[in-house]
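Structural overview
Each chain is listed here by its residues.
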Amino acid sequence: DLVSAEDLRVPGFEATLYWRHPRRGLLPPQAFMPAVESARLTLPVGRWMLREACHQVARWRQRHPSLPVGILHVALSGGEVAQPDAIEHLRRALGEAGVRGECLKLHIDEKSATRDPDATQAFCRALKAEGLSVGISDYGTGFCSLAFLRRLDIDFLQVTEALTQESRADAQPSVLSATVGLARALRLGVIFTGVNNTDQLALLSQFEGGALQGTLLSAPLAEHESWRWLEGIEDGSIPEYSGVWKFRHDPGLGAPA
């Protein structure tokens, strides 16, 4: 799911949960997550997703042990971050899968991060102590102040899709420029989401060191579709506009024989 803005190579994946409905087929998260939230199942679903992500990394690295660190990005819900045993649960998930924390990059969305600033700060520090990278996703929605960002021990910002959608290649938006400038000042990486047309790609490719996500690059792929791209990630041979831009978890399909 992640593409280097400089050379359009693929440095990693982002885990996304899809639901295979018996009648409606494969549903994206926006089609069923509101029901999950209403049923107060966000925490167990999120924890299950984290465990599955750890096992997925273990399967990938078993066949491709030289894959880069931070190969899989995983989003955490606010409920997961707020749990007193959140770090212990993470340790168990990593331990059960037999992978190190450096294999994952975790995302906390901007709104959730600001609900309890002190708890978020402590959580981010604990994650870094476990060897994980952590960042703020959906950044640009207006919840995080500069003072708050400076308090956090994070590694990257994942910019909200709304800012990317407003961009045009012939008129670089000052908000995007300011966001990149802020990230550089704080020595943070930047991920741009919602790259859905060539104008957006042309604009965002100008920001060196960034990463891109969007439907222009590829639709989400299932696990069995991801295997053929892992060798390309290892040797850097993945061509432009081809690669695994989004890892779609589908428990029914696994690794090749």
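These notes cover the structure that comes with them. Computed from a predicted model, the values in this text were never measured in an experiment.

**Quick word on helix H9 (residues 174-185)**
Compared with an ideal rise of 1.5 Å per residue, which puts twelve residues at 16 Å, H9 spans 16 Å between its outermost C-alpha atoms and is within 8% of the ideal. Of the positions making up H9, those classed as buried are Leu176, Thr179, Val180, Leu182 and Ala183. Looking straight down H9, one finds its buried side chains confined to an arc of 160 degrees; they lie on one side. Those residues of H9 that are exposed and angled more than 90 degrees off the buried face are Ser174 and Ala185. Where H9 is buried, its residues contact strand E7 (133-139), helix H7 (146-151), strand E8 (156-159), helix H8 (161-165), strand E9 (189-192) and helix H10 (198-204).

**Points about the pattern of salt bridges**
Under the counting rule described, the total for this entry stands at six salt bridges. In this structure, Arg91 and Glu88 form a salt bridge, with 3.4 Å as the shortest nitrogen-oxygen distance. In this pair, Arg91 and Glu88 both sit in helix H4 (residues 86-97), three residues apart, roughly one turn of the helix. A relative accessible area of 36% places Glu88 in the partly exposed class.

**A look at the packing of helix H2 (residues 42-63) against H4**
The N-to-C vectors of H2 and H4 enclose an angle of 30 degrees; their axes lie 8 Å apart at closest approach. When you trace H2 past H4, the crossing you get is right-handed. Within the contact between the two elements, H2 uses Arg47, Leu50, Arg51, Cys54, His55 and Ala58 and H4 uses Ala86, His89, Leu90, Ala93, Leu94, Glu96 and Ala97. Taken together, the residues that form the contact of H2 with H4 break down as eight nonpolar, two polar and three charged.

**Some remarks on unusual backbone geometry**
The backbone phi angle of Arg40 is positive, close to 60 degrees, even though this residue is not glycine. By the secondary structure assignment, Arg40 is in the loop between helix H1 (29-38) and H2. Although it is not a glycine, Asp138 adopts a positive phi angle of roughly 55 degrees. Relative to the assigned elements, Asp138 resides in strand E7. Here Asp138 falls in the partly exposed class, since its relative accessible area comes to 35%.

Reading the values: rules and limits
Residues numbered from 1 in each chain as written. Predicted model: local features only at pLDDT ≥ 70, side-chain atom pairs only at ≥ 80, totals over all residues. Heavy atoms only, no water. Helix = DSSP H or I, 4+ residues; strand = E, 2+ residues; numbered from the N terminus. Expected span 1.5 Å × (residues − 1). Buried < 20%, exposed > 50% of the residue type's maximum accessible area, 1.4 Å probe, protein only. Arc of directions from axis to C-beta. Contact = heavy atoms within 4.5 Å. Salt bridge = Lys/Arg side-chain N within 4 Å of Asp/Glu carboxyl O. Axes fitted to C-alpha atoms, helices over the stretch in contact; angles between N-to-C directions. Left-handed = near helix turned anticlockwise from the far one by under 90°. Nonpolar A, V, L, I, M, F, W, Y, C, P; charged D, E, K, R; others polar.

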